[in-house]
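Working through the structure, step by step
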Amino acid sequence: MQQCTEMAGMNPMEKKLAEYKCDTNEAISLKLVRFADDLEDESTTFHPEYSHQLYGDDEVAFGYKGLQIQLYYSAGNLSTLFKVKYSARVTEKFDCVEPDDVEGKIREIIPAGFSCNTDDFTSLLEKETNFKPFGTLLHTYNVHNVEEGEDFTYQIHKVDLSCPGFREYHKRLQTFLMWFIETASFIDVDDDRWDFFLVFEKYNKDGETLFATVGYMTVYNYYVYPDKTRPRVSQMLILPPFQGEGHGAQLLEAVHMFYCNLHKVQDITAEDPSENYVKLRDYVLVKLCQTLPSFSTDKLPLGFSDDMSTEAREKFKINKKHARRVYEILRLRVTDMSDETKARDYRLEVKKRLFAPTKKNQREMTKMMKCLRPEELASHISQMDTALQQEELEKSYQELLAEYRRVIERLAQA
């Protein structure tokens, strides 16, 4: 209805131009192709969550009717087919309005060597039998597929840039970041402090075993004085056809277990983690720590301890901040929240931690008040509204409870 209203307020030229606007998230079609039949199978198509990094904040391409941007990849090696199709394009009759260079934008991010011809791409599918996962096998696991009624096998590999062919493969793989991570950027692969972890599915085609790319994680090893490193998760992506199957948890746990065996690693962090990543990390870290003696059921009601912090770091390279969060989730799991006393004790314990930054701000405000002019003081005084602080604190606590309960539910289903 809104679009109709907007159209009604346009002059004839504006209406005509509006017909040549396309939503780039809908126009871009992505595929991971295993069989030639997949090319015409709409069920194998998926679309970007984001395209603003190439096509602007409004995620619109101007100048075309029926725009279709096909970006198809072979499932394993990620050999690429790139085609642009449309039913009509603006011409010089439109008062010299230029169409957007939709093709050029894609060419900026996909590496050279892609196919523009479907037959050429189909012939590359026959070479997929030669593709084998890069690097060292860390972990193998199975996922039961309800629709197929069988278990599928997956592998997680640790890779570095010395693996033959990996640099070229990685250039193709990282193009997915632009469509599924809101603030994605390509990394400097010439820096040897990067570690790469890849997930592959094993599948059969005409009696042969092949591998399909499922997702990956990049980790940067920061130096910590005097002789330690701190691996920081930079980017993590499970490709859309495989999302919701538990691969992210398998990958993150495998990465933690890999670094646990390295004495030089102090702890593992993440760079600007998304909300979904935090949920995933909560689940994985709680799953690991629930087996540790310091997090046993009888010790959780006694409060967060140095033993918990130390054991989490030594066993699983978990830092103190994340260990505290693990403790709060596990304590909630063993707390009878229908018992008013136990519920109050838990609430006060969590709120005390949540309130700590606010208390620090208040101390800083008290110092500032001594040197502020009256008009400056007035602008800051609202920040000290106790009732508002209590309201915000309660809101934060309830949101945290909801997050924690989701983790506990997932643990119960595992």
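What you see is a predicted model; the values in this text were computed from it and never measured.

A look at the sheet that holds strand β5 (residues 68-74)
Pairing is mixed in the open sheet, where 3 strands are placed in the order β2-β5-β6. At either margin of the open sheet sits one strand with a lone partner, and together these are β2 (28-33) and β6 (80-85). The average angle at which neighbouring strand axes cross in this sheet is 15°, direction not considered. Pairing between β5 and β6: 6 bridges, direction antiparallel. Bridging across to β6, Tyr73 finds its partner in Thr80.

A few points about the packing of helix α12 (residues 320-334) against helix α15 (residues 386-413)
Between α12 and α15, whose axes approach to 10 Å, the crossing angle comes to 70°. By the angle class used here, α12 and α15 are roughly perpendicular. Where α12 approaches α15, its residues Arg325, Glu328, Ile329, Leu332 and Arg333 are matched on the opposing element by Leu400, Leu401, Glu403, Tyr404, Arg405, Val407, Ile408 and Leu411. A per-class count over the contact of α12 with α15 returns 8 nonpolar, no polar and 5 charged.

So, empty space enclosed by the protein
Where empty space is left can be seen by rolling a probe of water-molecule size over the atoms. Inspection of every chain in the model, using the stated rule, returns 1 cavity of 30 Å³ or more. Put simply, the largest cavity is a space of about 40 Å³. Looking at the largest cavity, the residues that line it are His256, Ile268, Thr269, Tyr277, Arg281, Leu285 and His322. Here the element with the most residues in the lining of the largest cavity is helix α10 (residues 275-289); it accounts for 3 residues. Considering only residue class, the lining of the largest cavity consists of 3 nonpolar, 3 polar and 1 charged.

Considering α10
Residue pairs three or four apart in sequence face the same way in an α-helix, which turns once every 3.6 residues. The end-to-end C-alpha separation of α10 is 21 Å, in line with the 21 Å expected for 15 residues at 1.5 Å each. Among the 15 residues that make up α10, 11 are buried, leaving the element largely enclosed by the rest of the structure. Within α10, the full set of buried residues consists of Tyr277, Val278, Leu280, Arg281, Asp282, Tyr283, Val284, Leu285, Val286, Leu288 and Cys289. Residues of α10 that are buried make contact with β12 (228-238), α9 (247-260), β13 (269-270), α11 (306-316), α12 and α15.

Let's talk about the environment of Tyr277
Its place among the elements puts Tyr277 in helix α10. Sequence-wise, Tyr277 and Leu252 are 25 residues apart; in three dimensions their C-alpha atoms are separated by 9.8 Å. When residues no more than four places from it in sequence are discounted, the contact partners of Tyr277 are Val233, Met236, Leu252 and Ala270.

Focus on the sheet that holds strand β10 (residues 194-205)
Ordered in space as β8-β9-β10-β11-β12-β13, the 6 strands form an open sheet in which the pairing is mixed. A strand with exactly one partner marks an edge of an open sheet, and here the two such strands are β8 (136-145) and β13. Where β8 lies against strand β9 (residues 150-159), 9 bridges are found, and the strand directions are antiparallel. Opposite Leu137, over in β9, you have His157 as the bridge partner.

Some words on the pairing of β9
β9 sits mainly inside the fold: 7 of its 10 residues count as buried. In textbook terms, the turn of a hairpin is the stretch between consecutive antiparallel strands, and for β8 and β9 this stretch comprises 4 residues, one of which, Gly149, has a positive phi near 70°. Pairing analysis gives 7 bridges linking β9 to β10, with the strands arranged antiparallel. Along β10, the bridge assignment pairs Thr153 with Lys202.

What about the packing of aromatic side chains?
Using the criterion set out here, one finds 19 aromatic pairs in the structure. Judged by centre distance (5.8 Å) and plane angle (75°), the ring pair of Phe131 and Phe134 falls under edge-to-face. Across this residue pair, the class does not change: Phe131 and Phe134 are buried. When the ring of Phe166 is compared with that of Tyr169, the centres are 6.1 Å apart and the planes differ by 35°; the resulting orientation is tilted. Highlighted residues: Phe166 and Tyr169, both in helix α7 (residues 166-173), separated by 3 residues, approximately one helical turn. Tyr169 sits in the buried class, given a relative accessible area of 0%. Through successive ring pairs, a cluster of aromatic residues spans Phe131, Phe134, Phe166, Tyr169, Phe196 and Phe200.

Rules used in this analysis
- Residues numbered from 1 in each chain as written.
- Predicted model: local features only at pLDDT ≥ 70, side-chain atom pairs only at ≥ 80, totals over all residues.
- Heavy atoms only, no water.
- Pairing = 2+ DSSP bridges.
- Helix = DSSP H or I, 4+ residues; strand = E, 2+ residues; numbered from the N terminus.
- Axes fitted to C-alpha atoms, helices over the stretch in contact; angles between N-to-C directions.
- Parallel < 35°, antiparallel > 145°, perpendicular 65-115°, else oblique.
- Contact = heavy atoms within 4.5 Å.
- Nonpolar A, V, L, I, M, F, W, Y, C, P; charged D, E, K, R; others polar.
- 1 Å grid on protein atoms, 1.4 Å probe; cavity = no way out; pocket = protein on both sides within 12 Å on 5 of 7 lines; lining within 4 Å.
- Points joined across faces, edges and corners; volume = space filled by probe spheres on them.
- Expected span 1.5 Å × (residues − 1).
- Buried < 20%, exposed > 50% of the residue type's maximum accessible area, 1.4 Å probe, protein only.
- Phe/Tyr/Trp six-rings, centres within 6.5 Å; stacked < 30°, edge-to-face > 60°.

From the geometry alone we can't say anything about function, so treat these as descriptive.
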